[in-house]
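Fold and geometry: a report
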Amino acid sequence: MRLRFFVAEAIRSIRANVAISVAATVTVLIAVLLLGAFIPTFLAVQSTIDDQKAKLDISVYIKDEATVQQVQGLQNNIVGLESEGLVREFSYVSKDDALAILREQLRDESVLDELASNPLPASFEVLPVDPADNAQIVGQLEGHPAVHEELGVEFEAETTNRFLDVVTIVRWVMLGLTLLLLVAAVLLIGNTIRLSIFARRREVEVMKLVGATNWFIRWPYVIEGVLCGLAGAVVAVVLLLALKLGVVDPLSDATDSGLSDDGTASISFFSLALILILAGAVVGAVGSGITLRRFLRV
């Protein structure tokens, strides 16, 4: 019964302050639109980072005279690192495979025809879980009897360090933008709904003086904020869907948009829509709740 009363009061307030309610709804719409564009962008950037991580592998070169037992022991060491969570996956590249790879990379394959024998060593190509662990992985593999004395274990330390620095900066920037966007949305919806509350401040004061609890007074405004937030979020989702169908989908074959229908990419549109609608409701509720605190101090 009380819930029905609170909802009725919220709807009455919206009808009595149509212009303010529309302003609040538009505020949420803009914030959710920005959030809806930001989430796929963030996930696309994260996907690019993960793709680049896959290129920061480690080459463990095997000397030609290594015995089968020594090579097996080296592989067991790598398997141990995999079980420790340091190595994501690894593969064995034979001497013939290494020569075939080099042949594909060379523009002039006739250069290899002059070789009397295959000078390339066999190797294990190791992909770490986190490139930051490369040095630790190398330290545990170097010095193994099967490892080549001169070539040893190789990885691009300088490239890895630069990459990790860039990743850290990008993640902090993305996190900062996300927090800034959410805070701005809460403040905007709060300031907009404050106009509605200010117009009824005498009513709030009277209810407070006659013994109404803070939450009894607060609930209609919180529900009003939720309704405005939901309305703005739904309209934003519709606009994003139109943008997706008109712009994103035609470009999806050429680029990684971070958005898909089947969820195989970064996030499905259905999941994004649910997140945005929930975010709109939460932003509306929080904005209303925070704003009303000032008027409850009678």
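Everything quoted here is computed from the prediction, not taken from an experiment. (Residues numbered from 1 in each chain as written. Predicted model: local features only at pLDDT ≥ 70, side-chain atom pairs only at ≥ 80, totals over all residues. Heavy atoms only, no water.)

It is worth spelling out the pattern of salt bridges at this point. Inspection of the entire model under this criterion finds one salt bridge. With a shortest N-O distance of 3.4 Å, Lys95 and Asp64 are connected by a salt bridge. Residue Lys95 is located in helix H4 (residues 95–105), and its partner Asp64 is located in the loop between strand S1 (58–62) and helix H3 (68–83); the two are separated by 31 residues in the primary sequence. Lys95 gets classed as partly exposed once you look at its relative accessible area, which sits at 25%. Judged by its relative accessible area of 53%, Asp64 falls in the exposed class. (Salt bridge = Lys/Arg side-chain N within 4 Å of Asp/Glu carboxyl O. Helix = DSSP H or I, 4+ residues; strand = E, 2+ residues; numbered from the N terminus. Buried < 20%, exposed > 50% of the residue type's maximum accessible area, 1.4 Å probe, protein only.)

Relative to the helices and strands, Ser288 resides in helix H9 (residues 269–292). C-alpha separation for the pair Ser288 and Arg194, spaced 94 residues apart in sequence, amounts to 7.5 Å.

This part covers the sheet that holds strand S3 (residues 122–128). Taken together, four strands build an open sheet; the order of strands is S2-S3-S1-S4 and the sheet is antiparallel. Each end of this open sheet is capped by a strand with a single partner; those strands are strand S2 (87–93) and strand S4 (153–154). Bridging between S1 and S3 involves five bridges; their strand directions are antiparallel. Bridging from a neighbouring strand, Ile62 pairs with Ala122 of S3. Sheet strands in contact with helix H5 (residues 134–141) are S1, S2, S3 and S4, and its direction is about 10° off that of S1. (Pairing = 2+ DSSP bridges. Contact = heavy atoms within 4.5 Å. Axes fitted to C-alpha atoms, helices over the stretch in contact; angles between N-to-C directions.)

Turning to the pairing of S1, a few remarks are in order. Across the five residues of S1, five count as buried, placing the element largely inside the fold. In S1, alternate side chains face the same way, and those of Ile58, Val60 and Ile62 on one face and Ser59 and Tyr61 on the other are all buried. Here two bridges tie S1 to S4, and the two strands are oriented antiparallel to one another. Following the sheet pairing, Val60 is matched in S4 by Val153.

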